[in-house]
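Coordinates in review
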Amino acid sequence: PSLVPHSVFTFMEIARNYKGGGFHRVAGHVLQVMVKGGFKHLAFQEYSKEFPHKKGTVGYAGRPSGPAWYVSIENNTRNHGPGSQQKHNPYEADAAFGTVIEGFEDVILDRVKKIPGQGFVNDSKKWVLITDLVIMVEGSGPDATSDGYVEWVPKGTRKSF
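A few points on the structure. Values in this document were obtained by computation on a predicted structure and should not be read as measured data.

Looking only at helices and strands, one finds three helices and nine strands in the chain. Mapped in sequence order, the helices and strands of the chain form the string α-β-β-β-β-α-β-α-β-β-β-β. A globule of 161 residues ought to have a C-alpha radius of gyration of about 15 Å, and the chain, at 16 Å, matches this closely. Across its three principal axes, the chain shows a C-alpha extent of roughly 50 × 35 × 30 Å. Looking at the chain as a whole, 42% of its 161 residues qualify as buried. The contacts in the chain between residues at least 6 apart in sequence include a share of 60% that link residues at least 24 apart. About 9500 Å² of surface is accessible on the chain, with carbon and sulfur atoms providing 53% of the total. Averaging the positions of the 19 positive and the 16 negative side-chain charges in the chain gives two centres separated by 7 Å.

Burial in helix α3 (residues 104-112) covers these residues: Phe104, Ile108, Leu109 and Val112. Buried residues of α3, viewed axially, fall in a sector of 95°; they line one side. Its buried side turned inward, α3 meets β1 (21-26), β2 (30-35), β4 (69-72) and β7 (128-129).

According to the stated counting rule, one finds one salt bridge in the structure shown. Of the charged contacts in the structure, one is a salt bridge between Glu13 and Arg16, with a shortest N-O distance of 2.7 Å. Taken together, the positions of Glu13 and Arg16, both in helix α1 (residues 5-16) and three residues apart, correspond to about one turn of that helix.

Turning our attention to the packing of aromatic side chains. Under the counting rule described, the total for this entry stands at four aromatic pairs. Each ring, one from Phe11 and one from Phe97, has its centre 4.9 Å from the other, and the planes form 45°; the classification is tilted. One end of the pair, Phe11, is in helix α1; the other, Phe97, is in strand β5 (residues 96-99), with 86 residues separating them in the sequence. Both residues of the pair, Phe11 and Phe97, belong to the buried class.

The grouping of Glu102, Glu105, Asp106, Asp110 and Asp147 at the surface amounts to a negative patch. Mapped onto the elements, Asp106 comes out in helix α3.

What follows deals with the nonpolar core. Phe23, Leu31, Tyr60, Trp69, Phe97 and Leu133 are the most contacted members of the largest nonpolar core, which has 31 residues in total. When residues in this core are grouped by element, the largest group, five residues, is from α1. With residues near it in sequence (within four places) discarded, Phe23 still touches Leu31, Gln32, Val33, Val71, Ile108, Val112, Ile115, Trp127, Val128 and Ile130.

Cut-offs used in this document
Residues numbered from 1 in each chain as written. Predicted model: local features only at pLDDT ≥ 70, side-chain atom pairs only at ≥ 80, totals over all residues. Heavy atoms only, no water. Helix = DSSP H or I, 4+ residues; strand = E, 2+ residues; numbered from the N terminus. Rg over C-alpha atoms; globule rule 2.2 N^0.38 Å. Buried < 20%, exposed > 50% of the residue type's maximum accessible area, 1.4 Å probe, protein only. Contact = heavy atoms within 4.5 Å. Areas by Shrake-Rupley, 256 points an atom, 1.4 Å probe, with all protein chains shown as cover. Lys, Arg positive; Asp, Glu negative; His and termini not counted. Charge placed at Lys NZ, Arg CZ, Asp CG, Glu CD. Arc of directions from axis to C-beta. Salt bridge = Lys/Arg side-chain N within 4 Å of Asp/Glu carboxyl O. Phe/Tyr/Trp six-rings, centres within 6.5 Å; stacked < 30°, edge-to-face > 60°. Patch = residues over 30% accessible without salt bridge, like charges linked within 9 Å, V, L, I, M, F, W, Y side chains within 5 Å. Core = buried A, V, L, I, M, F, W, Y, C linked by side-chain atoms within 4.5 Å.

In structure tokens, the structure reads:
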């Protein structure tokens, strides 16, 4: 989170207040998600070369970025890293701010790539819906996953969808 704090905070707010959405774009390099709920875009672009757009990472779409986001299905730094979107600004880039830790192959790749056609899917009945967003952080205990992650819940709150 310290590499791209604004991007991480924004996504945590999206997850905490999630009201629905789904995969609505199938491109050769990303699978993009539209988010419902009236979230604003990021105040500024944010990128760290220490967390590049690799297969399985999550980044923001659009200019300015967000709240729509995508999962990279290949090494994507050439498409979304520094200077890739605006040739006159070699420093501007999409933020890569997370990694899919569960369901990448069987849910994201297998199900989403079955959406009919390529590009943007205008008919929301054909989207692969996301019914829940869960932020996972490294941790231990009885609720930890086999690779050492637990659900993040802000102190003093209970998550409910």
